[in-house]
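For reference, the chains in residue letters:
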Amino acid sequence: MVINGVDAKSLTYIRAFVLTTTFEENAVRSDVVSAGIAKPGIYMPRVQLAIRVVLGVLAAVYFFAMPIQPFILSAAGVAAVIGAFLLFHMAWWAWYRSRGMGWAGIRLAAWVDILAAFTGVLVDPFDVPPSGLLVMIAVLGNGMQHGLKIFLEQFLSILLISIPVFAVRQILFFRAVPYPLAFVILFIAIAIFYVYLLLKRIERMKKEAEMMAQQDPLTKLYNRNAFIRTANYLLSLHDRKQIPLVVMFADLDNFKEVNDKLGHAFGDEVLRFFARLTDEWLRKSDIVARYGGDEFVFMLADMDLAGAEEVALRLQREFLRWADERDVRVGVSFGVAAVPEGKADLNRLLKHVDAALYEAKSRKEDRRVVIAPPLE
């Protein structure tokens, strides 16, 4: 499906990226990989692959070096399970490296870990199976890597799956639950739940820190650093997908005089109102940030110059109407420029738009919107 010359999938990437970098409640903070698919910001794929390979090899040594036969499966069956586990994660890694990985794939890998660990426990011939630690490692490792949502899924899987697995195993092979095993299971469950509580607190603190690092405290818009990071992503997507982008600068006219005469508290209210206007009139896929002082910067996705000019004039009209109702002499000027085809440098682009803004502010009429000439 194509919308205004842009495929819907590309627009979905934009909206997904913008939404995951806003300050809403999300289970896990996400970035976007080259294909536009989410991956966790704290994700360490090489480390996780290495740990999985090490655990697979250790499991093979454990089962083949033990003096007695495993339950249920033969040695060849155990080898097949371990081999399938390692092959799956090698294939998963190759896919991740070439195409990125979404949450469905991440969740699939986590469940393969859990099921492999459960299988190890089921076939372990000892009354207190050391392979039970594999379950704990899988839950803690995937939970810490991928956040609370997957951690909670894995923890519930222990309660709903591992306890029945242990019970069936003990009834079939030992006719009773060994005294130490009951406490091992209890201690592992408490340890995992305690780690879950700690992770929940850490993620909340991390989320608050990220919000402070990316958000302008007065207007609740992006700050400059957050805009630059997001804009660079959209520019890279523009280069690959030919998505039309427009950059705008807005600067409040006569703002210093308003601040001096009516006080900083009213000046802050002026800035907050303009920020609310942008939230009302712009789309979720558009980027808005307070660039500094009374200057704002926009990046509008899937937008041409005519549409961007209409957005600027609409914001200007609504802002002037609000100021007139309060008998305040303040306005807003806009500089607008289309992002050229191909690879674009953000700094050069912003300087080009800033020049158009400077020209707009020098005009005497109310309509202070200047479209910059094409940037080669």
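These remarks concern the structure in this document. (Residues numbered from 1 in each chain as written. Predicted model: local features only at pLDDT ≥ 70, side-chain atom pairs only at ≥ 80, totals over all residues. Heavy atoms only, no water.)

### Details of the nonpolar core
Then comes step 1: Counting residues in hydrophobic clusters, the biggest one holds 34 residues, and the most contacted among them are Met248, Leu252, Phe274, Phe298, Phe319 and Phe334.
Then comes step 2: Of all the elements, helix H11 (residues 305-325) adds the most residues to this core, at 8 residues.
Then comes step 3: With 31 residues, the next largest nonpolar core counts Ala231, Tyr233, Ala344 and Val353 among its residues. (Core = buried A, V, L, I, M, F, W, Y, C linked by side-chain atoms within 4.5 Å. Buried < 20%, exposed > 50% of the residue type's maximum accessible area, 1.4 Å probe, protein only. Helix = DSSP H or I, 4+ residues; strand = E, 2+ residues; numbered from the N terminus.)

### Concerning a nonpolar patch on the surface
Then comes step 1: Taken together, Leu152, Leu156, Leu159, Leu160, Ile161 and Ile163 make up a surface patch of nonpolar side chains, about 500 Å² in accessible area.
Then comes step 2: Positionally, Leu152 belongs in helix H6 (residues 148-173). (Patch = residues over 30% accessible without salt bridge, like charges linked within 9 Å, V, L, I, M, F, W, Y side chains within 5 Å. Areas by Shrake-Rupley, 256 points an atom, 1.4 Å probe, with all protein chains shown as cover. Salt bridge = Lys/Arg side-chain N within 4 Å of Asp/Glu carboxyl O.)

### Remarks on the environment of Phe173
Then comes step 1: By the element assignment, Phe173 lies in helix H6.
Then comes step 2: Excluding anything up to four places from it in sequence, Phe173 contacts Phe71, Ile72 and Leu122. (Contact = heavy atoms within 4.5 Å.)

### What to know about the pairing of strand S8 (residues 331-338)
Then comes step 1: The buried fraction of S8 is high, at 7 of 8 residues.
Then comes step 2: Bridge count for strand S5 (residues 245-253) against S8 is 8 bridges, and the pairing is antiparallel. Across the sheet, Val247 pairs through a bridge with Ala337, a residue of S8.
Then comes step 3: Inspection of the sheet shows S8 paired to strand S9 (residues 369-371) by 3 bridges, in the parallel sense. Directly across from Phe334, in S9, lies its bridge partner Val369. (Pairing = 2+ DSSP bridges.)

### Things to note about unusual backbone geometry
Then comes step 1: The phi dihedral of Ile72 falls on the positive side, at around 65 degrees, and the residue is not glycine.
Then comes step 2: Looking at the secondary structure, you find Ile72 in the loop between helix H2 (45-65) and helix H3 (75-99).
Then comes step 3: At Lys220, a residue that is not glycine, the phi angle is positive and equals roughly 65 degrees.

In short, the description is geometric, and any link to function would need to be established separately.
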